[in-house]
Amino acid sequence: MRGPAKTRSAAERVAAQLVTWPGLSAGRPSCGTGRSFNFRGGEILHLHTGEEADLRLSRGFVERLDTVLVDSGQVVVRPGDDWVTVLLDTDTAGAILISLMSLAIRAAEEPVPARPCTWERTRPRPRLRAPWG
């Protein structure tokens, strides 16, 4: 007899959807924690743990919609940054992240210098290992 089925985290559900998107490739993020998704050779998403993801949008997009993003209760915005953190603690948050991915892909079509993800720049704590490696 089998035990109860393990439920997948929001990050795992998001990753399962994104691996089917054309033009996206999965890999190991430059910060070394979790899993990344790249578009045209540039990292645009880091799934760090089952509860957090960093998404690279254009700085202009973040500045225009920062209030809407923050008011969602699922997105952390830092002034002057093109990376936002999406808190994946609800199914809704996973849907928000999937929706924002199309904007991240559009932003990635415009060449800009890449900055390290939020995780790499702001985390003084020990790194957590994501369940997929």
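Residues numbered from 1 in each chain as written. Predicted model: local features only at pLDDT ≥ 70, side-chain atom pairs only at ≥ 80, totals over all residues. Heavy atoms only, no water.

On to the confidence of the model for the protein chain, then. Mean pLDDT over the protein chain: 81, with 80% of residues reaching 70 or higher. Overall, residues 125-130 carries pLDDT values under 50, and its contacts beyond four positions in sequence, including any with other chains, amount to 15 contacts. (pLDDT = per-residue confidence, 0-100. Contact = heavy atoms within 4.5 Å.)

Once that is clear, we can look at the nonpolar core. In this structure, Leu45, Leu47, Leu55, Leu88 and Leu97 are the most contacted members of the largest nonpolar core, which totals 29 residues. When contributions to this core are tallied by element, the ones reaching two or more residues are α1 (10-18), β2 (35-39), β3 (42-47), β4 (52-56), α2 (59-71), β6 (83-87) and α3 (91-108). It is α3 that contributes the most residues to this core, eight residues altogether. If near-sequence neighbours (up to four positions away) are discounted, Leu88 is found in contact with Ala10, Ala11, Leu47, Gly50, Glu51, Glu52, Ala53, Ala93, Gly94 and Leu97. (Core = buried A, V, L, I, M, F, W, Y, C linked by side-chain atoms within 4.5 Å. Buried < 20%, exposed > 50% of the residue type's maximum accessible area, 1.4 Å probe, protein only. Helix = DSSP H or I, 4+ residues; strand = E, 2+ residues; numbered from the N terminus.)

What follows covers α3. With 18 residues, α3 ought to run about 26 Å at 1.5 Å a step, and its terminal C-alpha atoms sit 26 Å apart, in line with that. Of all the bends in α3, the largest measures some 25° and sits at Met101. (Expected span 1.5 Å × (residues − 1). Bend = angle between axes of the 7 residues up to and from the residue.)

For the rest of this paragraph, the subject is the sheet that holds β6. As summarised here, the arrangement of the six strands in space is β1-β2-β3-β4-β6-β5, forming an open sheet in which the pairing is antiparallel. Of all strands in the sheet, those bounded by a partner on one side alone are β1 (24-27) and β5 (75-76). Pairing analysis gives two bridges linking β5 to β6, with the strands arranged antiparallel. Considered in β6, the bridge of Val76 is made with Thr85. In this fold α1 packs onto β1, β2 and β3, with an angle of close to 145° to the strand it touches most, β3. (Pairing = 2+ DSSP bridges. Axes fitted to C-alpha atoms, helices over the stretch in contact; angles between N-to-C directions.)

Position of Ala104 among the secondary structure elements: in helix α3. Its relative accessible area of 0% is what places Ala104 among the buried residues. Sequence-wise, Ala104 and Arg56 are 48 residues apart; in three dimensions their C-alpha atoms are separated by 6.0 Å. With residues near it in sequence (within four places) discarded, Ala104 still touches Ile44, Leu55, Arg56 and Leu57.

The next point concerns the pairing of β6. Counting buried positions along β6 yields four of five residues, so the element is predominantly enclosed. As paired elements, β4 and β6 share five bridges and run antiparallel to each other. Paired with Arg56 across the strands is Trp83, a residue of β6. Between β5 and the antiparallel strand that follows it, β6, lie six residues; Gly80 among them carries a positive phi value of about 75°.

This part is about α2. Look at α2: 18 Å from first C-alpha to last across 13 residues, which is about the 18 Å you get at 1.5 Å a residue. Largest kink in α2: about 70°, centred on Leu65. Every buried residue of α2 is listed here: Phe61, Val62 and Leu69. For α2, the elements touching its buried residues are β5, β6 and α3.

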